[in-house]
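Report on the structure
Each chain, written out:
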Amino acid sequence: MSNDTNHHTDKHSGDVNYLNFEKGFMSWWMSIDHKRIGLMYLVSMIFFFAIGGLLALVVRTELMKRGQTIIDNDTYNMAFTLHGVIMIFLFIVPGVPATLGNFLLPLMIGAKDVAFPRLNRLSYWVYVFGSFFAFLAIYFKLDTGWTFYSPYSLRNAPAVMSATMAAFVLGFASILTGVNFLVTIHKMRAPGLTWDRLPLFVWATYATALLQVIATPIIGITLLLLFLENAFGIGVFRPDVGGDPVLFQHLFWFYSHPVVYIMILPAMGIVSEIIPVFSRKPIFGYKAIVWASVGIAAISFLVWGHHMFVSGMSDFVRYLFSFLTFFVAVPTAVKVFNWVATIYKGSVEFTSPMLYAMAFVFLFMIAGTTGIHLATLATDAHYHDTYFVVAHFHYTIQGGAVIGLYAGLHFWFPKIFGRMYNEKFAKIAFCLLFIGFNGTFLPQFVLGMMGMPRRYADYSTFSNVDTFEYLHFISTCFSYINALGYSLVLVNLGYGAVKGVKATANPYNSLGLEWQTPSPPPHDNFETIPVVTDWSYGYGEEYSDHDHNGNKKVVAKPA
Amino acid sequence: MSHHETLPAGHYHHLEPEQAYHSAKLAMWIFLATEIHLFGGAFCAFAFFRWRYFDDFNHYAGQLNWQLGALNTLVLLTSSWAMVRGVDAAQKGLNKLCGRWLIVTIILAFVFFGIKAIEYSTKLSHGIYPSTHIFWGLYYTMTGIHALHIAVGIGLIYWLYLLTKKERFSTVYYTPVEVIGLYWHLVDVIWIFLFPLLYLLGGVGAGAHH
Ligand SMILES: [Cu+2]
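The shown structure was predicted, so the numbers you read here are calculated from the model rather than taken from an experiment. (Residues numbered from 1 in each chain as written. Chains lettered and ligands numbered in written order. Predicted model: local features only at pLDDT ≥ 70, side-chain atom pairs only at ≥ 80, totals over all residues. Heavy atoms only, no water.)

All right, on to the overall build of chain A then. Summing up its helical and strand segments, chain A has 16 helices and two strands in all. Relative to its length of 559 residues, chain A is compact, with a C-alpha radius of gyration of 23 Å against a globular reference of 24 Å. Taking the principal axes of its C-alpha atoms as reference, chain A extends roughly 75 × 50 × 50 Å. Evaluated residue by residue, chain A yields a buried proportion of 62% over its 559 residues. In chain A, the proportion of contacts linking residues at least 24 apart, taken out of those at least 6 apart, comes to 82%. Carbon and sulfur atoms make up 69% of the accessible area of chain A, which amounts to about 20000 Å² in all. Looking at chain A, you have 33 positive and 31 negative side-chain charges, and the mean spots of the two groups are 6 Å apart. (Helix = DSSP H or I, 4+ residues; strand = E, 2+ residues; numbered from the N terminus. Rg over C-alpha atoms; globule rule 2.2 N^0.38 Å. Buried < 20%, exposed > 50% of the residue type's maximum accessible area, 1.4 Å probe, protein only. Contact = heavy atoms within 4.5 Å. Areas by Shrake-Rupley, 256 points an atom, 1.4 Å probe, with all protein chains shown as cover. Lys, Arg positive; Asp, Glu negative; His and termini not counted. Charge placed at Lys NZ, Arg CZ, Asp CG, Glu CD.)

And the structure:
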């Protein structure tokens with residue numbers, strides 16, 4: 001991407017930037033700088049990720065041996081519920097958009113900030129406020145599972161009311177971010193940054209923002225109805241007065257399937273940014289990736305029924321949901337082919353962000369293909385509510401969304417902090433994480449196929465308890481390695497952020513607009529608003545007189 | 001190529017006035033879409049249970065006071081008209097006139113609340129609670145969420161009124177009035193759907209016991 005800010009590149013590195021232009025707690029808490037808000041989101045979310053991760057270890061340790069290992073059944077129910085609630089609502093739903101999205105979106109489109117900086121700050125405040133309700137739910141001993149299925153969720157009103165209030169408030173934060181990003185992308189692109197030059201991460205953020213604003217209100221009303229059900233007994237989800245728990249499931253999954261794409265689409269955007277840089281090739285099939293993002297977002301609204309194949313639906317509706325679910329595989333596979341084609345014959349550099357990006361592609365393929373097993377009616381009847389689902393889900397969300405987030409964190413780390421982490425250490429941490437993750441969840445596919453139900457605190461009464469115990473033991477051991485990997489990543493990145501070697505403005509020689517400003521960027525991102533003359537994937541195209549659409553280049557590079 | 005180059009660095013007035021106006025309007029339209037989805041979920045639930053408990057729903061709908069409902073519809077429609085007058089005055093830079101129309105809007109909103117309060121208290125005094133039947137559960141939920149939107153609207157319009165006091169609006173700047181006006185119309189439109197859905201479907205007065 002050519003622009004007129006190149007000549008400022010190194011002059012300001014280490015001088016006044018967004019990190020140090022104002023000091024003190026209040027300068028952060030009151031900040032309306034999108035970069036600071038993104039960073040505050042990041043720190044808060046990593047905190048919740050750590051809590052959710054520790055709860056996962058508690059769950060895994062309990063399952064390591066048959067019978068009671070460390071906690072009783074009721075505590076176990078709370079542990080896996082809180083693991084789910086914290087990981088979903090406080091970590092991965094805000095996820096990439098609230099952190100890297102906030103930080104990068106204005107930089108990538110050549111703007112000084114998002115369209116509504118105060119709304120952006122409000123979104124963060126609402127997020128913090130919502131997290132207090134989550135703690136309240138812990139205090140009241142929430143144990144319904146993260147899905148709040150009725151009638152389980154009608155037994156402990158204070159806990160469910162706190163949790164639904166938390167999710168409702170957090171949904172508000174999500175909607176505010178979505179509205180803000182949609183308007184920002186529509187109205188604030190730098191001159192020359194046409195839709196067909198838009199970076200793929202921005203496209204992914206756009207598709208995600210659409211999902212945020214379309215889907216989130218539905219979970220809002222659903223949880224509000226559940227809240228009122230617990231508060232006043234309105235009857236809608238209460239079977240003993242004629243209400244319908246299956247209606248809750250429909251409304252819940254109408255949001256909660258698309259939300260999986262709120263988690264995964266931005267991660268796909270990150271991977272689309274990283275792969276061309278370290279393959280030194282233009283992204284393959286730019287338009288196909290754009291349409292796949294939008295297509296995935298659209299189809300994601302038509303498949304929620306696949307969570308309810310055994311909840312009671314007519315056969316015709318089940319065929320329909322099954323077929324439509326298969327259909328999501330098409331745009332997803334389009335993306336995978338494009339990433340692989342981009343790497344093909346490139347001069348690949350195996351940096352740590354690239355390793356994470358490639359791990360994403362690999363793990364997400366396992367997630368996708370096992371998803372096909374669950375979309376198939378006959379096999380789903382067997383797999384439903386077993387560890388097969390648990391494994392599939394974690395391949396999607398940890399192997400996909402979390403690995404994608406970590407890919408992005410490593411990739412944009414020098415831009416965010418103006419320093420580098422230790423690359424060798426990052427690779428070691430990645431290996432531990434990768435091995436630990438696969439070792440934890442591959443055995444769970446087998447457990448699920450053998451009939452191990454999810455959410456059970458104990459399996460000692462099953463006939464194949466010996467095999468279950470063996471596989472659970474392996475899974476738990478590897479989960480410790482996985483946790484060690486994550487800890488090392490955080491230590492490495494934390495140390496690098498404070499003490500790392502100073503990074504240059506553009507350490508990877510990337511063409512992305514965000515790299516054409518100092519690291520860390522100044523408070524207003526660009527000294528002058530850049531003028532964009534081409535897309536940002538033209539690796540090896542610099543000397544061609546045609547742009548990526550095959551048109552003859554009109555504008556020469558500005559001097 | 002860009003006008004931004006002439007802007008001083010380091011300030012949050014990072015949008016051209018024109019751009020800010022269009023951004024705010026787009027944001028409000030998107031937000032209104034989310035509101036429609038929020039109510040849409042409740043409407044789906046209502047449609048589903050009406051289909052399942054058809055006779056009950058018709059029976060209970062008949063117990064609602066449609067005259068008061070109709071009166072409230074009229075009150076809200078009039079308040080929307082007052083809002084339109086307010087927006088028009090703001091666009092002409094007439095702060096004082098705008099302020100007056102905003103106050104009219106607020107008064108009408110309180111009239112709506114008064115009538116709604118009469119309806120609620122009558123029902124409650126007859127022992128009709130949200131837990132009496134799913135119909136009433138949804139009635140109290142949907143009208144309650146709607147009333148909450150009215151309350152938020154009153155707050156926002158009062159804030160606009162304070163801005164008119166400070167002579168904040170002019171022929172070139174009236175974005176908040178227009179954007180909050182959009183919100184107010186949506187609240188009105190939702191009532192226009194709620195009224196027939198709750199009060200009129202099933203025939204007026206079909207089960208009027210109370
Ligand atoms: Cu799904």
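With that settled, the discussion passes to a nonpolar patch on the surface. Residue and element names in this part refer to chain A. A contiguous nonpolar patch, built from Phe 47, Phe 129, Phe 132 and Phe 135 and spanning about 440 Å² of accessible area, is present on the exposed surface. In terms of residue count, the dominant contributor to the nonpolar patch is helix H5 (residues 117–139) (three residues). Along the chain, Phe 47 turns up in helix H2 (residues 34–63). Judged by relative accessible area, which is 47%, Phe 47 ranks as partly exposed. (Patch = residues over 30% accessible without salt bridge, like charges linked within 9 Å, V, L, I, M, F, W, Y side chains within 5 Å. Salt bridge = Lys/Arg side-chain N within 4 Å of Asp/Glu carboxyl O.)

A word on empty space enclosed by the protein. All names here are of chain A. Going through the model one piece at a time under the given rule, you end up with seven cavities of 30 Å³ or more. What lines the largest cavity is simply Tyr 41, Phe 89, Val 93, Pro 94, Ala 98, Tyr 127, Leu 170, Ala 173, Ser 174, Thr 177 and Gln 212. Ranked by residues supplied to the lining of the largest cavity, first place goes to helix H6 (residues 157–187) with four residues. Of the residues belonging to the lining of the largest cavity, the class tally is eight nonpolar, three polar and no charged. One number sums up the size of the second largest cavity: a volume of about 70 Å³. Around the second largest cavity, the lining residues are Phe 89, Val 93, Ala 167, Leu 170, Gly 171, Ser 174, Thr 216, Ile 219 and Tyr 255. Within the residue set of the lining of the second largest cavity, elements represented by two or more residues are H6 and helix H7 (200–232). Examining the composition of the lining of the second largest cavity, we find that four residues originate from one element, H6, more than from any other. When the residues that make up the lining of the second largest cavity are grouped by side-chain class, the tally is six nonpolar, three polar and no charged. (1 Å grid on protein atoms, 1.4 Å probe; cavity = no way out; pocket = protein on both sides within 12 Å on 5 of 7 lines; lining within 4 Å. Points joined across faces, edges and corners; volume = space filled by probe spheres on them. Nonpolar A, V, L, I, M, F, W, Y, C, P; charged D, E, K, R; others polar.)

What follows concerns the pattern of salt bridges. All names here are of chain A. Tallied over the entire structure, the rule returns 11 salt bridges over all chains. Put simply, Asp 33 and Lys 35 hold a salt bridge, and the shortest N to O gap is 3.1 Å. You'll find Asp 33 and Lys 35 in the same group, each marked buried. With a closest N to O distance of 2.9 Å, Glu 469 and Arg 66 form a salt bridge. Separated by 403 residues along the polypeptide, Glu 469 in helix H16 (residues 465–499) and Arg 66 in the loop between H2 and helix H3 (73–92) bring together distant segments of the chain. Of the residues examined, Glu 469 reaches a relative accessible area of 16% and is grouped as buried. According to the relative accessible area criterion, Arg 66 is partly exposed, its value standing at 34%.

Moving on: the packing of aromatic side chains. By the definition in use, this model includes 79 aromatic pairs over all chains. Ring plane angle 25° and centroid distance 5.7 Å describe the contact between Trp 29 of chain A and Trp 125 of chain A, whose orientation is recorded as stacked. Remark: Trp 125 of chain A occurs in helix H5 and Trp 29 of chain A occurs in helix H1 (residues 25–29); sequence separation between them is 96 residues. By relative accessible area, Trp 29 of chain A is classed as partly exposed at 25%. By relative accessible area, Trp 125 of chain A is classed as partly exposed at 25%. With a centroid separation of 6.3 Å and an interplanar angle of 5°, the aromatic rings of Phe 49 of chain B and Tyr 53 of chain B are classed as stacked. Looking at Phe 49 of chain B, the relative accessible area reads 0%, which means it is buried. Residue class for Tyr 53 of chain B comes out partly exposed when judged on its relative accessible area of 23%. Taken together through their ring pairs, the aromatic side chains of Phe 46, Phe 57, Tyr 60, Phe 112, Tyr 120, Phe 135, Trp 136, Tyr 139, Tyr 140, Trp 191, Phe 195 and Tyr 199 of chain B make up a single cluster. (Phe/Tyr/Trp six-rings, centres within 6.5 Å; stacked < 30°, edge-to-face > 60°.)

Residue and element names in this part refer to chain A. The protein atoms that coordinate the copper ion are His 257 (ND1), His 306 (NE2) and His 307 (NE2), at distances of 1.8 to 2.0 Å. Read in sequence order, the donor residues coordinating the copper ion give the pattern H-x48-H-H. Among the residues examined, His 307 registers a relative accessible area of 22% and is labelled partly exposed. (Donors = N, O, S within 2.8 Å, 3.2 Å for Na, K, Ca; no water.)

Let us look at the confidence of the model for chain A. Residue and element names in this part refer to chain A. The pLDDT averaged across chain A works out to 92; a share of 94% of its residues lies at or above 70. Within chain A, the lowest mean pLDDT, 92, falls on H1, and the highest, 97, falls on helix H15 (residues 423–449). Confidence drops under a pLDDT of 50 for residues 1–14, and excluding neighbours within four residues, the segment shows 39 contacts in the predicted structure. Counted against residues more than four places away or in other chains, residues 555–559, with its pLDDT under 50, gives three contacts. (pLDDT = per-residue confidence, 0-100.)

A word on the nonpolar core. With 255 residues, the main nonpolar core has Leu 100, Tyr 127, Trp 339 and Phe 360 of chain A together with Leu 138 of chain B as its most contacted residues. Dropping the residues within four chain positions of it, Trp 339 of chain A is found in contact with Met 268, Val 271, Ser 272, Ile 275, Ile 283, Ile 289, Phe 360 and Val 361 of chain A. (Core = buried A, V, L, I, M, F, W, Y, C linked by side-chain atoms within 4.5 Å.)

Attention now goes to the interface of chain B and chain A. Each partner contributes residues to the interface: chain B has 35 residues there, and chain A has 41 residues. Interface area, chain B with chain A, both sides summed: about 3200 Å², of which 75% is carbon and sulfur. At the surface where chain B touches chain A, the tally comes to four residue pairs in polar contact (both at pLDDT 80 or more). Ranked by residues supplied to the side of chain B that touches chain A, first place goes to helix H1 (residues 17–52) of chain B with 16 residues. Residues of the side of chain B that touches chain A, tallied by class, amount to 18 nonpolar, 15 polar and two charged. (Buried area = accessible area lost by both parts, 1.4 Å probe. Polar contact = N/O pair within 3.5 Å; in protein donor to acceptor, adjacent residues only side chain to side chain.)

Residue and element names in this part refer to chain B. With respect to the helices and strands, Lys 116 occurs in helix H4 (residues 95–125). With relative accessibility at 2%, the residue Lys 116 sits in the buried group. The contacts of Lys 116, once residues within four sequence positions are left out, are Asn 72, Tyr 139, Thr 143, Trp 191 and Tyr 199.

Looking now at the environment of Tyr 199 of chain B. Residue and element names in this part refer to chain B. Along the chain, Tyr 199 turns up in helix H6 (residues 175–200). Between the C-alpha atoms of Tyr 199 and Ala 61, which are 138 residues apart in sequence, the distance is 5.4 Å. Contacts of Tyr 199, omitting those with residues within four sequence positions, involve Ala 61, Leu 64, Asn 65, Trp 66, Gly 69, Lys 116, Glu 119, Tyr 139, Trp 191 and Leu 194.

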